[in-house]
Amino acid sequence: MARASADSVLSLTDQRLVAALQWDGRLTAERASRVLGLSPVTVRRRLHALGADGTVRVVISPVARPRDGGSAGALFLRIRVLRGRLDTIVAALAAREDIPFIDVTTAGDEIFAVARTEPGSGSPPNGATTC
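Residues numbered from 1 in each chain as written. Predicted model: local features only at pLDDT ≥ 70, side-chain atom pairs only at ≥ 80, totals over all residues. Heavy atoms only, no water.

Remarks on the overall build of the chain
For clarity, the cut-off: Numbering of helices and strands starts at the N terminus; helices are DSSP runs of H or I of at least 4 residues and strands are runs of E of at least 2. Partly exposed residues are those whose accessible area sits between 20% and 50% of the maximum for their type, while under 20% is buried and over 50% is exposed, using a 1.4 Å probe and protein chains only. Two residues qualify as a contact provided that any one of their heavy atoms is within 4.5 Å of a heavy atom in the partner residue. For the accessible areas, the method is Shrake-Rupley and the probe is 1.4 Å, while residue cover comes only from the protein chains on display.
Of regular secondary structure, the chain possesses four helices and three strands. Counting helices and strands in the order they occur from the N terminus, the chain gives α-α-α-β-α-β-β. The buried share of the chain, reckoned over its 131 residues, is 31%. In the chain, 54% of the contacts between residues at least 6 apart in sequence involve partners at least 24 apart. When the accessible area of the chain is evaluated, it comes to approximately 8,400 Å², of which 54% is carbon and sulfur surface.

Written out as structure tokens, the structure is:
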């Protein structure tokens, strides 16, 4: 997998794809290619690589709905961490205003976090550059 720099785990393209998946876990490669300005072939190749090596896994988790029928306003994140990257990823998550909760497993190989999903609470997928 291509690296953007020594301080990041994912390339900028991969970061944008992950952010797009966080925005919409059912995102198709065709839609992602239009939104991100990439070719569908590139999107499929990167998504396959991210999933094949375990970097990204899309999981459905039921979220309670508010009584008014709106969106729940939260996304639960489970992030497997490559050895030696825990501090970098936790710092990047902690710097985001849309991440109010972060927890690291005792083994230090996974991060659990909550991301607010209300409109305006975070960067749109095509502008995301962290994690």
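Observations concerning the side chain of Thr105
Convention followed: Residues adjacent in sequence count toward polar contacts only when both atoms are side-chain atoms; beyond that, a polar contact is any pair of N or O atoms within 3.5 Å, and within protein one must be able to donate a hydrogen and the other to accept it.
Inspection of the secondary structure assignment puts Thr105 in the loop between β2 (101-104) and β3 (110-116). Of note is the side chain of Thr105, whose polar atom sits 3.3 Å from the side chain of Asp109. For Thr105, the contacting residues outside a window of four places in its chain are Glu110 and Phe112.

Notes on the nonpolar core
For clarity, the cut-off: Residues belong to a common nonpolar core when they are buried Ala, Val, Leu, Ile, Met, Phe, Trp, Tyr or Cys residues joined through side-chain atoms within 4.5 Å.
Core analysis: the largest hydrophobic core is formed by twelve residues, namely Leu10, Leu17, Val18, Ala20, Leu21, Leu27, Ala29, Ala32, Leu36, Val43, Leu50 and Val56. The element contributing the most residues to this core is helix α1 (residues 12-23), with four residues.

Here's the deal with helix α3 (residues 40-52)
The following threshold applies: Given a helix with a known number of residues, its expected span is that number minus one, times 1.5 Å.
With 13 residues, α3 extends 18 Å between its outermost C-alpha atoms, agreeing within 8% with the 18 Å of an ideal straight helix rising 1.5 Å per residue. Where α3 is buried, its residues contact α1 and α2 (29-36). Looking one or two places after α3, you find Gly54, whose phi comes out positive at around 85°.

With respect to α2
Helical geometry note: an α-helix holds 3.6 residues per turn, so side chains three or four residues apart project in the same direction. Selection criterion: To be clear, the arc concerns the directions from the helix axis to the C-beta atoms.
Those residues of α2 lying buried are Ala29, Ala32, Ser33 and Leu36. In an axial view of α2, the angular spread of the buried residues amounts to 100°, which keeps them on one side of the axis. Where the residues of α2 are buried, they touch α1 and α3. Once α2 ends, the next one or two residues include Gly37, with phi positive near 70°.

Quick notes on the confidence of the model for the chain
The line we're drawing: A score from 0 to 100, pLDDT tells how confident the predictor is in each residue.
Mean pLDDT over the chain works out to 75, with 72% of the residues at or above the 70 mark. Between residues 1-8, whose pLDDT stays under 50, and residues either more than four places distant or in other chains, the model counts 22 contacts. Considering only residues more than four positions removed or in separate chains, one finds that residues 120-131, a stretch of pLDDT under 50, has 29 contacts.

Quick look at the packing of α2 against α3
Any two packed helices are characterised by the angle at which their axes cross and by the distance between the axes. The cut-off we apply is this: What counts as an axis is a line fitted to C-alpha atoms, over the stretch in contact for a helix, and the angles between N-to-C directions run from 0 to 180 degrees. Two helices that cross are described as forming a left-handed crossing if the nearer one is turned anticlockwise from the farther one by less than a right angle, and a right-handed crossing if clockwise. Side-chain classes follow a simple rule in which Ala, Val, Leu, Ile, Met, Phe, Trp, Tyr, Cys and Pro form the nonpolar group, Asp, Glu, Lys and Arg form the charged group, and the remainder, Gly included, forms the polar group.
Contact pair α2 / α3: the axes reach a minimum separation of 8 Å and the direction vectors enclose 115°. Here α2 and α3 pass one another in a crossing that is right-handed. Contacts from Ala29, Glu30, Ala32 and Ser33 of α2 reach α3 at Pro40, Val43 and Arg44. Its residues placed into classes, the contact of α2 with α3 shows four nonpolar, one polar and two charged.

A look at the environment of Ala20
Mapped onto the secondary structure, Ala20 falls in helix α1. The class of Ala20 is buried, set by a relative accessible area of 5%. As for Ala20 and Val35, which are separated by 15 residues in sequence, their C-alpha atoms are 8.7 Å apart.

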